[in-house]
Amino acid sequence: MAEESEKFDSAIATWQEWQEAPWGRLRYTLAEANLLRDLDEEAGGGPLRILDLAGGDGGDAMRLAARGHHVTVVDVAPAMLAAAEARAAERELSDRVTCVRADVRALPADIATGGFDVVLCHNLLQYVDDVPGTLATALAPLREGGLFSVMAINRHSAALNVAVRSLDPAAALAALDRDLLRNEMFDSELTLHTAEEIIPLLVDLGCRHVRHYGIRSFCDYLTDDARKYDPEYYADLERLELATTARSPYMHTARLFQLTARKGTCS
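Because the structure is predicted, anything quoted here is derived from the model rather than measured.

Can you explain the pairing of strand β6 (residues 180-183)? Please cite residues and give values.
Two strands pair when backbone bridges link them, and β6 and strand β7 (residues 188-191) are joined in this way by 4 bridges, in the antiparallel orientation. The partner of L180 across the bridge, within β7, is T191. Counting the residues that bridge the hairpin from β6 to β7 gives 4 residues, and of these D187 lies at a positive phi of roughly 50°.

Account for the nonpolar core, with residues named and values stated.
Counting residues in hydrophobic clusters, the biggest one holds 28 residues, and the most contacted among them are F148, V150 and I198. Once residues lying within four places of it in the same chain are set aside, the contact partners of I198 are L125, V131, L135, V150, H193, F257 and L259. In this structure, L64, A65, V118 and L120 belong to the second largest nonpolar core, which totals 20 residues.

Outline helix α2 (residues 12-20), supporting the account with residue identities and numerical values.
Along an α-helix, a turn takes 3.6 residues, which lines up residues three or four apart on a common side. Among the residues making up α2, those that are buried are I12, W15 and Q19. The arc that holds every buried residue of α2, seen down its axis, measures 60°, which confines them to one face. For α2, exposure combined with an orientation more than 90 degrees from the buried face picks out A13, E17 and E20.

Would you mind going over the packing of α2 against helix α5 (residues 78-90) in detail, with residue names and values included?
At a closest axis distance of 11 Å, the pairing of α2 and α5 adopts a crossing angle of 45°. One way to sum up the angle between α2 and α5 is to call them oblique. Here the hand of the crossing between α2 and α5 comes out right-handed. Contact residues: α2 offers I12, W15, Q16 and Q19, while α5 offers A79, M80, A83 and R87. For the contact of α2 with α5, the per-class residue count stands at 5 nonpolar, 2 polar and 1 charged.

Parameters and conventions
- Residues numbered from 1 in each chain as written.
- Predicted model: local features only at pLDDT ≥ 70, side-chain atom pairs only at ≥ 80, totals over all residues.
- Heavy atoms only, no water.
- Pairing = 2+ DSSP bridges.
- Helix = DSSP H or I, 4+ residues; strand = E, 2+ residues; numbered from the N terminus.
- Core = buried A, V, L, I, M, F, W, Y, C linked by side-chain atoms within 4.5 Å.
- Buried < 20%, exposed > 50% of the residue type's maximum accessible area, 1.4 Å probe, protein only.
- Contact = heavy atoms within 4.5 Å.
- Arc of directions from axis to C-beta.
- Axes fitted to C-alpha atoms, helices over the stretch in contact; angles between N-to-C directions.
- Parallel < 35°, antiparallel > 145°, perpendicular 65-115°, else oblique.
- Left-handed = near helix turned anticlockwise from the far one by under 90°.
- Nonpolar A, V, L, I, M, F, W, Y, C, P; charged D, E, K, R; others polar.

Set out below in structure tokens:
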């Protein structure tokens, strides 16, 4: 646990810079928009209890807490959690954000049986060996009928990303059958997945009403990164991404996939 947390804590400045970049902002804006499609269906519309697994410095949590929800952020990295607490205090959200240091694979009993309304499992699967087991552990704290959201790097995007960004068809061809990706920021080797692989696992675990979204369907294939910092251009790009996040075929080649589902046989 200490070795894993050190990788993430040592890169926190780089990570926060990435979050403020156009591609980072799009990642969080799109995830929030997709969640709201489902959260708007919740009866009553009152505050929800949300569990954010491997939530880092609270990128998702702050947006949801700002909407009035109560979010528990679980992560192994103490500096990431300290940053989340600082962000919550800065935004006057400390009463809605709770940070817990724990390994997602061994959750404290009060969290594992917490009966949360929503559980987020964003950008965790690429770091674990046992995907079905991790999904089962992540679903355990969710109440029956609650909303589950899982996000991961899309393996379908790997070859396209190499071809467009590096102009290297040979490397793109090699990437077609490769499921590993080196992450320099966190000094980790990531395992890539597809939504088509994860959806049956969710169904086997009792999830229903699965929805498939794409995160950054266009951004990563537009090679002029500097232009994305222009506010007008970014606004156009954001509108395009929001329009295509749930539109076929774009979500199939997006850089990330997001799946939302309901636990159990809810109506």
